Every structure is written in structure tokens, then in C-alpha cells.
4 protein chains.
Amino acid sequence: MLTIKRLDIEDARVLIAGARAKAEEIGVPMCIAITDEAGNLVAFERMDGGKVTSTTIAIDKSFTASGAKKATHLYGETSQPGAPTYGIESAIGGRLMVVGGGLPVVADGDVVGGIGISSGTPAQDMEVAQAGIDAFAATL
Amino acid sequence: MLTIKRLDIEDARVLIAGARAKAEEIGVPMCIAITDEAGNLVAFERMDGGKVTSTTIAIDKSFTASGAKKATHLYGETSQPGAPTYGIESAIGGRLMVVGGGLPVVADGDVVGGIGISSGTPAQDMEVAQAGIDAFAATL
Amino acid sequence: MLTIKRLDIEDARVLIAGARAKAEEIGVPMCIAITDEAGNLVAFERMDGGKVTSTTIAIDKSFTASGAKKATHLYGETSQPGAPTYGIESAIGGRLMVVGGGLPVVADGDVVGGIGISSGTPAQDMEVAQAGIDAFAATL
Amino acid sequence: MLTIKRLDIEDARVLIAGARAKAEEIGVPMCIAITDEAGNLVAFERMDGGKVTSTTIAIDKSFTASGAKKATHLYGETSQPGAPTYGIESAIGGRLMVVGGGLPVVADGDVVGGIGISSGTPAQDMEVAQAGIDAFAATL
């Protein structure tokens, strides 16, 4: 039998609040998605002005980061032409995201969920995702 | 050019809070989804213990209620065998929900979004959706 | 070798104009889709106020009517519990529509396309689809 | 509550007419799709001879341009190997288009919709999309 650690809805709100604060600071309205360690959606907010297309993209970045226990930008590096995971971005009906902005959420060495950000540049998305992680880490 | 009214993220949080309070009162952890008037997701929360399958179902109930400007349980009535919209439940890749728990969000006579609830019985889902609507209506 | 008769874009516009005139007459803004005899979309209009969910539904009604050479409401009859095509409404990823509002477009005994209407009641959708057909028939 | 500006069906017809005139001028029959600012289809025409595969591609180019508020060819630039959004073309079930021919439709600084063109070379598709935009801009 396994015992799984998983973020709860309060943790998800902390992650969203941290991300949103950074998004407001840099002036880019974002889509913010939180998934649990099983890859299933726990919470989501599209800030006013966040992109419609980013709704799905944020959810899928978080799905990828939590389900694969790997930041999406690291998939981006290993998915370049000639690199080992080349072509993986169309896997799972296109849900496997290799663009930066998805980070696993870790507690005590275990992946307990994921955060996915979309609407800015990948660099902005990554910065906002990290701000969510930082806010969560401060509660541990 | 058209001018459209659409709920914002603050409205979505009010809808979620109203629904969550009712869900806690009746003791059923719910998935709560809010879409805008175009059917796109604005906010979502899966309460601790909410069903994994209900994640998509709540989102699609809200999508249906806002996109069709119609409560999902009304589709349930008109989709019975022999009734006019029989068979519509598999439309749009199965996103067209005819199970109760999706309600349009109305302001000044315009549909400005939708709320979709799932994890309880349809009657419980409808009660929780209505509580979200009531909380929102109190702010108008 | 086959020689196929297929409606052209001018025919599609006639069909849409006829349907739109009836929709305006009955005061129900509609989604209007025209497909060719191969089931592929030729033209589409969502009247101001037409339902978002009806976008896909109108296209799929027309797809069904042209591809199966059969009015969608006839599928509705044969898809009731115990009837021969029971359950067919979820075929083709849910694109096979059994709700009224899709009609084949016939010229000289050949199906040359389809028209699909959605946003009203099925009876209204069927009336508006027929008005499109009538406008087209008047040009033959 | 938000107040949104959205193109209406008359605007969509102007966009299509402008695009079609350019397509006829250069002798390339095109698929022409217009979406609203939420990414939902408003109008579509496949000119006689337009490609079947381009039906979906034109719709998805317009979806991308309106939903992401960004021309699809700009995504093409930032999605090359080694560039920031590499791999994004398979997002949203492949609906995120990075091939030229999708442009946001802007009025008074707001994105009010999108236009998507497909059947020619990307350069031809972009030229035809711009002609639609120009025809619309002349009405403002």
C-alpha cells in the first residue's frame, strides 16, 4: 500500500496568490493552474485579461510538471531536434508541454503537485510560476 | 461592433465562495467551475475530497450553462427518450451536459457567465450551484 | 471514375440567406452551417446572439445530414431506446447528431450538401433549416 | 463585471469580403474564418477550390490569433528550434497554430476578434488575412 502526499486546496490557494502577486507586479495578467501529484486540476484562475488560449496551456503545463515530476522548460531543452525527447510535445493529445512555465511543487523531497502559468513570454511564465512555488515553500 | 458584459475574476471568486459555503454546510466536497459568457474557464476549485471525474464534469456543466444560456437540468428534461433534444448529451465531444448542476449567471438580464458543480447527487450539485448564484446576486 | 455534384459557395450563401431570413422572422438568432456532400464545412454564420455551444452543434448537424444523406430528426426517431440505431448519437466522437435541425440539400435527386441549424428549439431549428432549403430549391 | 468589445456578424462579413477579394485577385481560392475575441467561430467561407484540410486550419489560425491576441506568424518565429516557445504548435490538441495566416482583429486598441486564412502559401495566406483586416479597418 502507498501513502501519498498531495497538496490540498489551501496549498493551491497559496500557490495561486503567490503567482498572482508576481503577475500583478510585472503587469502581465496570467492564467494560473494548480494540479495535484496525480496531474488532476485542483484550482485555476484566469486573471482579467489572461489569454483564452492560455487556459488550456496553463492547465497542461501544470499537468506535465506534476505528472512527469519535471519542469516543462527542461522538457524544452531535451526536445530540441536531435535531443533525446524530440517530438514528445505532441504526446497525450498535445497535453505534454515543453514550453517553460510549468513547475513541479515539492515538499520534503516529494512532488505533491504542479503549477502552470501561461499568457506571458515563457520567461515571464517561469518567473510567475516560481513566485507561486516560493510562496508555498514559505509555508512549509 | 457588439458590447458584451462578462463576469470578472472577483465575481468568479464570489460565486465559488458562495458555492463552497453551501457544500461545506451539506458536507459534500465539490468541484466548482466558473466560465465566462463565452464558455471559457475563469476559475475552478476542487475541494479536498472532490471527485477526480467531477473536474471535467463541473467545467463542462458551466460551459454548457453559459454557452447555451440554459440550466443543464432543463436539458435533462428535454433530452429524455421521446423528447425534443434526445441524444444531445454526446454533442461537442460530450461536453454538452444534461445533468443538473450547471446554471447560467445572469446580471441585468444578460448571461455573463456560468457555474458548474459536480461531486454530489445532481440535486446537491444544483443546490450548491444556486448558492453560488445567490452569493453573486447579493453583490449586484 | 465518379462525377459528383456538389453545392458551391454561391449555393451556400443562398441557403444561409434563406435560413437567416426565417430566423429573423421568428426572432431567434441562429448558428447556420452549410457542408458539402462530403460533409466538409463550406460556410457558416453565427447570428449576433446565437449560442456558443450551437457553433459546433450546427456544423455537426450539417455534417450528419450531408454525410449520412438523412435528416437528423429521422435519426432521432430511429435512435430511441429499443429502436434500430439506438446509441448512434455518440458515434464519430459525438459528431453524429440525432437532434432535429440538420437536413440534406438535394438537387435533381442527388444529395449535394447539408444545412445545420442550432440555437432554438429543435422545431425552430428544423423550420429555419427548411427555409434555407426552400430558398435554394427556388434557384434550381 | 467586465465590458468587452466584440466584432458582430456584419464586421465578420466585411472581413471575409476583403479577404475574398484579395484571394480572387491573386488567384488562390481560400478558406476564410472569423472568430470573436473569445476564440469562437462567427463566420466561415471556403471558396470553391479551397482545400478541405484548410477548413480546420483556417478556423484554428483565427482561434489562435484572437485567443492569444497575437499573429500566428509571430508564434512561428518564437517556436523555431532553440527559441522560447519551441513545441507550442501541438498545444490545445494542435489548435495552437504557428503558421502564418492568422491575425488578431483590433479596434481602438482592443482585440475584438481574429481572421484565419488557409489554402495558399503562408505568405499568400498572410496577404489575404491582411486584406480582410484592411477592409474592416476602413469601416472604423
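Before any of the text, the structure's been laid out above.
1. Focus: the state of the cysteines
Inference 1: All chains considered together, the criterion is met by zero disulfides over all chains.
Inference 2: Unpaired in this structure, B:Cys31 has its nearest cysteine sulfur neighbour in A:Cys31, at a distance of 19 Å.
Inference 3: Given a relative accessible area of 0%, B:Cys31 falls into the buried group.

2. Focus on the interface of chain A and chain D
Inference 1: Across the contact, 20 residues belong to chain A and 22 residues belong to chain D.
Inference 2: Taken together, the two surfaces of chain A and chain D that pack against each other cover about 1,500 Å², and 64% of this comes from carbon and sulfur.
Inference 3: Taken as a group, A:Lys51, A:Val52 and A:Thr53 account for 30% of the area that chain A buries against chain D, more than any other trio of residues on that side.
Inference 4: The interface formed by chain A and chain D contains zero salt bridges.
Inference 5: Inspection of the region where chain A meets chain D yields four residue pairs in polar contact (both at pLDDT 80 or more).
Inference 6: Mapped onto the side of chain A that touches chain D, the elements with two or more residues apiece are α2 (53-67) and α4 (91-94) of chain A.
Inference 7: Top element by residues in the side of chain A that touches chain D is α2(A). It accounts for three residues.
Inference 8: Its residues placed into classes, the side of chain A that touches chain D shows eight nonpolar, nine polar and three charged.

3. Focus on the relation of the copies chain A and chain D
Inference 1: Turning chain A through 93° and shifting it by 0.2 Å along the axis lays it on chain D, with an RMSD of 0.1 Å. The two molecules are tied by a four-fold rotation axis, judged by turn and shift.

4. Considerations on the sheet that holds strand β5 (residues 110-118) of chain D
Inference 1: Across the sheet, which stays open at both edges, the eight strands sit in the order β3(C)-β4(C)-β1(C)-β2(C)-β3(D)-β2(D)-β5(D)-β4(D) with antiparallel pairing between neighbours. Here the strands that pair on one side only, and so sit at the sheet edges, are β3 (102-107) of chain C together with β4 (102-107) of chain D. Shown here is a sheet whose adjacent strand axes are inclined to one another by a mean of 20°, direction ignored.
Inference 2: The pairing of strand β2 (residues 31-36) of chain D with β5(D) spans six bridges and is antiparallel.

Rules used in this analysis
- Note that residues are indexed from 1 along each chain, following the sequence as it is written.
- Think of it this way: whatever chain is written first is A, whatever ligand is written first is 1, and the rest follow in order.
- Note on the predicted model: pLDDT of at least 70 is required for a residue's local features to be given, and 80 or more for side-chain atom pairs to be given and counted; whole-chain, interface and lining totals, by contrast, use all residues.
- As a convention, hydrogens and water are excluded, and side-chain values are obtained from all of the structure's heavy atoms.
- Pairs of cysteine sulfur atoms within 2.5 Å are identified as disulfides in what follows.
- Exposed residues in this analysis have more than 50% of their type's maximum accessible area, buried residues have under 20%, and partly exposed residues fall in between, with area computed by a 1.4 Å probe over protein chains only.
- Contacts: residue pairs with any heavy atoms within 4.5 Å of one another.
- Note: buried area is the sum, over both parts, of the accessible area (probe 1.4 Å) each one loses when the two are combined.
- When a carboxyl oxygen of Asp or Glu is within 4 Å of a side-chain nitrogen of Lys or Arg, the pair counts as a salt bridge.
- In the analysis that follows, any N or O atom pair within 3.5 Å is treated as a polar contact, provided that within protein one partner can donate a hydrogen and the other can accept it, and provided that, for residues neighboring in sequence, both atoms belong to side chains.
- In this text, helices come from DSSP runs of H or I with a minimum length of four residues, and strands from runs of E with a minimum of two, each type numbered from the N-terminal end.
- Residue polarity follows a fixed list, in which Ala, Val, Leu, Ile, Met, Phe, Trp, Tyr, Cys and Pro are nonpolar, Asp, Glu, Lys and Arg are charged, and the others, Gly among them, are polar.
- All copies are superposed by least squares; the fitting set is the C-alpha atoms of residues with a pLDDT of at least 70 in both.
- Pairing between strands is defined by DSSP: at least two bridges between them are needed.
- Every axis corresponds to a line fitted to the C-alpha atoms, with the helix fit spanning only the stretch in contact, and the corresponding angles, defined between N-to-C directions, vary from 0 to 180 degrees.

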